[in-house]
Amino acid sequence: TAYSRSVTGGASINLTAPATAVGGLKNFSSWSGCTSSTSRTINITMPSSNTTCTANYVFATFTLNVNSWSLSDGIGITGLTITSTTGHGGTTAYSRSVTGGASINLTAPATAVGGLKNFSSWSGCTSSTSRTINITMPSSNTTCTANYTL
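**Details of the state of the cysteines**
So, step 1. Evaluated as defined, the whole model comprises 2 disulfides.
So, step 2. Between the sulfur of Cys-34 and that of Cys-53 lies a disulfide, 2.1 Å long from S to S. Linking Cys-34 and Cys-53, the disulfide has an S-S dihedral of approximately 125° and is accordingly described as right-handed. Placement of Cys-34 in the loop between β3 (26-33) and β4 (41-45) and of Cys-53 in strand β5 (residues 53-59) is noted, with a sequence separation of 19 residues between them.
So, step 3. Put simply, Cys-125 and Cys-144 are joined by a disulfide, and their sulfur atoms are 2.1 Å apart. Taking the torsion about the S-S bond as the criterion, the Cys-125 to Cys-144 disulfide, at about 120°, is right-handed. Here the residue Cys-125 occupies a position in the loop between β13 (117-124) and β14 (132-136), and Cys-144 occupies one in strand β15 (residues 142-149), the gap between them amounting to 19 residues.
So, step 4. Residue class for Cys-144 comes out buried when judged on its relative accessible area of 0%.
So, step 5. Cysteine pairing in the protein follows 1-2, 3-4, where each cysteine in a disulfide is numbered by its order in the sequence.

Here is the structure:
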């Protein structure tokens, strides 16, 4: 949020930046302009001319966990390849560091365990019976589970 104040030269000023911004999608990283600091709270002495202090923020990253599960047996399925057009694929069970707000595309295979189990649904991050899901990474860690049945 931009604002300005009239301050007498030589005055001591304390500024504290919020830890997060944009609904938690960005984290405070540093101050620039009037000083260079990674501390959220700064104390500056006002110079005899106008000055600008800028609180800088970076997108926060969160953990995306991807699992596969056998609903009929109640056990995890490991070694299942989940594909992704957005770079979030892998072999279950796996995790990725993802920027909050990023688009995620995941596709589960039609069958698992040598064709003995059939894809049923996604759960956790979304509820869908489509093998391909598209979600937006929330501003928290999340888990997507591909479920299979006999």
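**Quick notes on the sheet that holds β5**
So, step 1. Taken in spatial order, the 3 strands line up as β2-β3-β5 in an open sheet, and their pairing is antiparallel. Of all the strands in the sheet, just β2 (20-21) and β5 have a single pairing partner and so form its edges.

**Looking at the pattern of salt bridges**
So, step 1. Using the criterion set out here, one finds 1 salt bridge in the structure.
So, step 2. For Asp-73, the salt bridge is made with Lys-117, and the minimal N-O distance between the two is 2.6 Å. With a gap of 44 residues between them, Asp-73 in the loop between β6 (61-70) and β7 (75-76) and Lys-117 in strand β13 connect regions that are remote in the sequence.
So, step 3. Owing to a relative accessible area of 43%, Asp-73 belongs among the partly exposed residues under this scheme.
So, step 4. The class for Lys-117 is buried, based on a relative accessible area of 7%.

**Concerning the pairing of β6**
So, step 1. Because side chains alternate across β6, one face comprises the buried residues Phe-62, Leu-64, Val-66, Ser-68 and Ser-70, and the other comprises Thr-61, Thr-63, Asn-65, Asn-67 and Trp-69, none of which is buried.
So, step 2. Across 6 bridges, the pairing between β6 and strand β10 (residues 94-99) is antiparallel. Counted as the bridge partner of Thr-63 is Ser-97 from β10.
So, step 3. Bridging between β6 and β15 involves 7 bridges; their strand directions are parallel. Bridge assignment links Ser-70 to a residue of β15, and that residue is Tyr-148.
So, step 4. Taken together, the 2 bridges between β6 and β7 define a ladder with antiparallel strand orientation.

Criteria and thresholds
Residues numbered from 1 in each chain as written. Predicted model: local features only at pLDDT ≥ 70, side-chain atom pairs only at ≥ 80, totals over all residues. Heavy atoms only, no water. Disulfide = S-S within 2.5 Å. Helix = DSSP H or I, 4+ residues; strand = E, 2+ residues; numbered from the N terminus. Buried < 20%, exposed > 50% of the residue type's maximum accessible area, 1.4 Å probe, protein only. Pairing = 2+ DSSP bridges. Salt bridge = Lys/Arg side-chain N within 4 Å of Asp/Glu carboxyl O.

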